[in-house]
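Residues per chain are reported as follows:
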Amino acid sequence: IKVNTNNESCIDNIDLYVLIDDNVIKDIKFDGEACAISTSATSIMIKKLIGKNVLEVQEFIVNYEKMINGQEYLEDILEEALCYDDIHRQQNRKGCAILPYKGILKALEQYKKDSENK
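Being a predicted model, the structure only gives us computed values, none of them experimental.

How each quantity is defined
Residues numbered from 1 in each chain as written. Predicted model: local features only at pLDDT ≥ 70, side-chain atom pairs only at ≥ 80, totals over all residues. Heavy atoms only, no water. Salt bridge = Lys/Arg side-chain N within 4 Å of Asp/Glu carboxyl O. Helix = DSSP H or I, 4+ residues; strand = E, 2+ residues; numbered from the N terminus. Buried < 20%, exposed > 50% of the residue type's maximum accessible area, 1.4 Å probe, protein only. Pairing = 2+ DSSP bridges. Contact = heavy atoms within 4.5 Å.

Should their charged atoms come close, side chains of opposite charge can pair. One pass over the full model with this rule turns up 5 salt bridges. A salt bridge links Glu-79 to Lys-48, with the shortest nitrogen-to-oxygen separation between them at 2.2 Å. With Glu-79 in the loop between helix 3 (75-78) and helix 4 (91-116) and Lys-48 in helix 1 (residues 36-49), the pair connects residues that are 31 residues apart, well separated along the chain. Looking at Glu-79, the relative accessible area reads 43%, which means it is partly exposed. For Lys-48, a relative accessible area of 11% translates into the label buried. A salt bridge links Lys-48 to Glu-80, with the shortest nitrogen-to-oxygen separation between them at 3.3 Å. Linking Lys-48 in helix 1 with Glu-80 in the loop between helix 3 and helix 4, this pair joins segments that are 32 residues apart in sequence.

Written as structure tokens, this is what we have:
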């Protein structure tokens, strides 16, 4: 599944290529142009989500979004992604840190549609 995700207010524009098989993310690749926060968030996301099933991915993203928004979250789930735990203090950078996760959510939606049409 190929999805594009971008920030309208800056140069961040990432194409994600997501391989989902039997409800498990088998592989993720990305290409595009983005700031250091978006690029590093994408790299960490890829490392953390490959091998997880759809429900685990959704749980990860819910906790990540809570962290990005300065809310209570489960630290043990996020591991390396905890490096963004103070990003909520920089409102203009939150979009950069959440960008790749918006792309994964689009890919999950497409996977669900494709699975229903089989």
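The next thing to look at is the pairing of strand 2 (residues 13-21). Bridging between strand 1 (residues 2-6) and strand 2 involves 5 bridges; their strand directions are antiparallel. Residue pairing across strands places Lys-2 opposite Tyr-17, the latter belonging to strand 2. Joining the antiparallel neighbours strand 1 and strand 2 is a turn of 6 residues. Strand direction decides the pairing type here: strand 2 and strand 3 (residues 24-33), joined by 9 bridges, are antiparallel. Its bridge partner being in strand 3, Ile-20 is matched across the sheet by Ile-25.

With respect to the element layout, Val-3 can be found in strand 1. On the basis of relative accessible area, Val-3 is assigned to the buried category, the value being 10%. Each C-alpha atom, one on Val-3 and one on Val-18, is 8.2 Å from the other, the two residues being 15 residues apart in sequence. Residue contacts for Val-3: discarding those within four places in its chain leaves Ile-14, Asp-15, Leu-16, Gly-103, Lys-106 and Ala-107.

By themselves, these observations are geometric and do not establish any function.
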